[in-house]
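Here are the chains, one letter per residue:
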Amino acid sequence: MTATTAASAKGPRRTGPTRRRLGGARRHGAAGPLFVAPFLALFLLLFLAPLGYAAYLSLFQERLIGGNVFVGLDNYVKALQDPLLLHGVGRVALFFLIQVPLMLVLALLFALALDSGLLRLARVIRLGIFVPYAVPSVVATLMWGYLYGPDFGPFAQLSRELDFSAPHFLSDSWMLGSLANIVTWEFVGYNMIILYAALRTIPSELYEAAAMDGAGAWRVAWSVKLPALRPALMLTLLFSVIGSFQLFNEPSLLMKIAPDVISSSYTANLYAYSLAFTGNQLNYAATVSFLLGLVIVIASYAVLLTANRRRTP
């Protein structure tokens, strides 16, 4: 057997360019983790590490005798029986049931109206609806707190000019609706942009097929646009679940105006903050925060499960 035949029997030899390509592929494969490393480091330091430390704190209690003592799950048992926490979670759940459907319906109507192409100055209208989201929640709450004011607000002044009783927007029976109005004003534009962007991705062939079948504008919106918006609606609903149960800025600022109505435990998030920074109960505050996160996970999973059941025949 000649040398050439023996070489061919062993298989094709890799040439220089082939070796260079393989070496370049290996280098690119090794560069991937390097690009991801900064994110992983920040994720570990700024998210996982504080989360683990909070979990560690929730297993201890600060006592006058003995100092910081390991108590296991006693804090969680106490929290599950805490009426202040339970009332706060229930109040936020009621807020979610009232505010979120109204906000998403308004966002959907605005998105459909803008996508219809029938509105004049559509860009100006779209910007006007979105601008409240660009206003910081602190500024928005202070602005609405002034408008709600029973003594100095414009609604109260107008009512006195007309010899009517001033509306009690900051009373116990109106407070939840007043908070819902502020959050709706802030986030309708944000959700509208998500839904409007989803509408712009619908293929034009679907509209053409619907027009050939004789479908009108309402039929197209019901049978073409709404089914295509289900993923975007689900995304906005999940964001709303998380945001509702984390309600904090609005009640914490209105508490200064209506301290008799909004207490430090008005929402679960506000309760955890008050425990940590006012009551100096860091261990119990960590426990309340973990339970609130668990409630958010359960509520989000319930929303996803319900949506998937409705989608499957």
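Residues numbered from 1 in each chain as written. Predicted model: local features only at pLDDT ≥ 70, side-chain atom pairs only at ≥ 80, totals over all residues. Heavy atoms only, no water.

## Considering the overall build of the protein
Helices and strands together make up the secondary structure of the protein, namely 14 helices and 2 strands. Taken over 313 residues, the protein has a buried fraction of 34%. In the protein, 66% of the contacts between residues at least 6 apart in sequence involve partners at least 24 apart. Surface summary for the protein: the accessible area is close to 19900 Å², and the carbon and sulfur share equals 68%. (Helix = DSSP H or I, 4+ residues; strand = E, 2+ residues; numbered from the N terminus. Buried < 20%, exposed > 50% of the residue type's maximum accessible area, 1.4 Å probe, protein only. Contact = heavy atoms within 4.5 Å. Areas by Shrake-Rupley, 256 points an atom, 1.4 Å probe, with all protein chains shown as cover.)

## Here's the deal with the pattern of salt bridges
This model, assessed by the stated rule, comprises 2 salt bridges. When the shortest N-O distance is used, the salt bridge between Asp115 and Arg200 registers 3.1 Å. Pair noted here: Asp115 is in helix α4 (residues 83–116) and Arg200 is in helix α8 (residues 175–200), with a separation of 85 residues, a long-range link. Residue Asp115 is classed as buried on the basis of its relative accessible area of 12%. For Arg200, a relative accessible area of 54% puts it in the exposed group. Of the charged contacts, one joins Lys225 and Asp115 as a salt bridge, the two residues approaching to 2.9 Å between their closest N and O atoms. (Salt bridge = Lys/Arg side-chain N within 4 Å of Asp/Glu carboxyl O.)

## Things to note about the packing of aromatic side chains
Taken as a whole and judged by the stated rule, the model has 17 aromatic pairs. Note on Tyr53 and Tyr56: the rings are 6.4 Å apart at their centroids and 25° apart in plane angle, and the pair reads as stacked. In this pair, Tyr53 and Tyr56 are both assigned in helix α2 (residues 16–57), 3 residues apart and thus about one turn of the helix distant. Between the NZ or CZ atom of Lys78 and the centre of the ring of Tyr284, over which it lies, the distance is 4.5 Å. (Phe/Tyr/Trp six-rings, centres within 6.5 Å; stacked < 30°, edge-to-face > 60°. Lys NZ or Arg CZ within 6 Å of the ring centre and 35° of its normal.)

## Focus: empty space enclosed by the protein
With a probe scaled to a water molecule rolled over the atoms, the places where space remains empty come into view. Per the counting criterion, the structure on display carries 1 cavity of 30 Å³ or more. What the largest cavity holds in volume is close to 30 Å³. What lines the largest cavity is Arg91, Val92, Phe95, Leu176, Leu179, Leu247, Tyr266 and Thr267. Secondary structure elements with two or more residues in the lining of the largest cavity: α4 and α8. The element that contributes the greatest number of residues to the lining of the largest cavity is α4, accounting for 3 residues. For the lining of the largest cavity, a count of residues per class yields 6 nonpolar, 1 polar and 1 charged. (1 Å grid on protein atoms, 1.4 Å probe; cavity = no way out; pocket = protein on both sides within 12 Å on 5 of 7 lines; lining within 4 Å. Points joined across faces, edges and corners; volume = space filled by probe spheres on them. Nonpolar A, V, L, I, M, F, W, Y, C, P; charged D, E, K, R; others polar.)

## A short note on the side chain of Thr184
By the secondary structure assignment, Thr184 is in helix α8. Once residues within four sequence positions are removed from consideration, Thr184 is found in contact with Gln99, Met103 and Leu106.

## Examining helix α5 (residues 122–134)
End to end, α5 covers 19 Å across 13 residues, agreeing with the expected 18 Å (1.5 Å per residue, within 8%). At Gly128, α5 shows its largest kink, close to 25°, and the proline Pro132 lies no more than four residues downstream. (Expected span 1.5 Å × (residues − 1). Bend = angle between axes of the 7 residues up to and from the residue.)

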